[in-house]
Amino acid sequence: MKNKRLKAIQESETGLNTRFLDTSTRRELTLNQAIRAVENGKYPGYHVVNRNGTRFIRSNPDGNERNNLE
């Protein structure tokens, strides 16, 4: 899907993705920057999840496991 522009490039010891790469612009984003951008509609192929007080980004489901957020 062409809207899948975020790639995780760093994660914490617990597996939380903490840095992302916009594969179109090559810009690196922190988790908070990426969350704000997703919430502001810059990345329509994603949504923000809040689980037990931790916010993170998920790819919108489309039935294709090959293009999930890495």
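Because the structure is predicted, anything quoted here is derived from the model rather than measured.

**With respect to the pairing of strand β1 (residues 6-11)**
Consideration 1: Pairing of β1 with strand β2 (residues 17-22), which is carried by five bridges, proceeds in the antiparallel orientation. Bridged to Glu11 within β2 is Asn17.
Consideration 2: Between β1 and β2, which pair antiparallel one after the other, the connecting turn spans five residues, and Gly15 there sits at a positive phi close to 95°.

**Considerations on the pairing of strand β5 (residues 54-59)**
Consideration 1: With six bridges connecting them, strand β4 (residues 46-51) and β5 associate as antiparallel partners. Its bridge partner being in β5, Val49 is matched across the sheet by Phe56.
Consideration 2: Following β4, the chain reverses through two residues before pairing antiparallel with β5; Asn52 in that reversal takes a positive phi of roughly 55°.

**A short note on the pattern of salt bridges**
Consideration 1: Using the criterion set out here, one finds three salt bridges in the structure.
Consideration 2: Close ionic contact of Glu28 with Arg19 constitutes a salt bridge, the shortest N to O distance being 3.2 Å.
Consideration 3: A relative accessible area of 43% means that Glu28 is categorised as partly exposed.
Consideration 4: With a closest N to O distance of 1.9 Å, Glu39 and Arg55 form a salt bridge. Of the two residues, Glu39 is situated in helix α1 (residues 31-39) and Arg55 in strand β5; the sequence distance between them amounts to 16 residues.

**Focus: the sheet that holds β1**
Strand-to-strand pairing in sheets goes through backbone hydrogen bonds, with the strands running parallel or antiparallel.
Consideration 1: Reading across from one edge, β1-β2-β3 is the order of the three strands in this open sheet, with antiparallel pairing throughout. Taken across any chain shown, the strands that pair with only one partner, and hence form the sheet edges, are β1 and β3 (28-30). Each strand axis lies, on average, 30° off the axis of its neighbour in the sheet, ignoring direction.
Consideration 2: Judged from the three bridges that link them, β2 and β3 form a sheet pairing that is antiparallel. The partner of Leu21 across the bridge, within β3, is Glu28.
Consideration 3: Those strands touched by α1 are β1, β2 and β3, and its axis lies near 95° from that of β3.

Parameters at a glance
- Residues numbered from 1 in each chain as written.
- Predicted model: local features only at pLDDT ≥ 70, side-chain atom pairs only at ≥ 80, totals over all residues.
- Heavy atoms only, no water.
- Pairing = 2+ DSSP bridges.
- Helix = DSSP H or I, 4+ residues; strand = E, 2+ residues; numbered from the N terminus.
- Salt bridge = Lys/Arg side-chain N within 4 Å of Asp/Glu carboxyl O.
- Buried < 20%, exposed > 50% of the residue type's maximum accessible area, 1.4 Å probe, protein only.
- Axes fitted to C-alpha atoms, helices over the stretch in contact; angles between N-to-C directions.
- Contact = heavy atoms within 4.5 Å.

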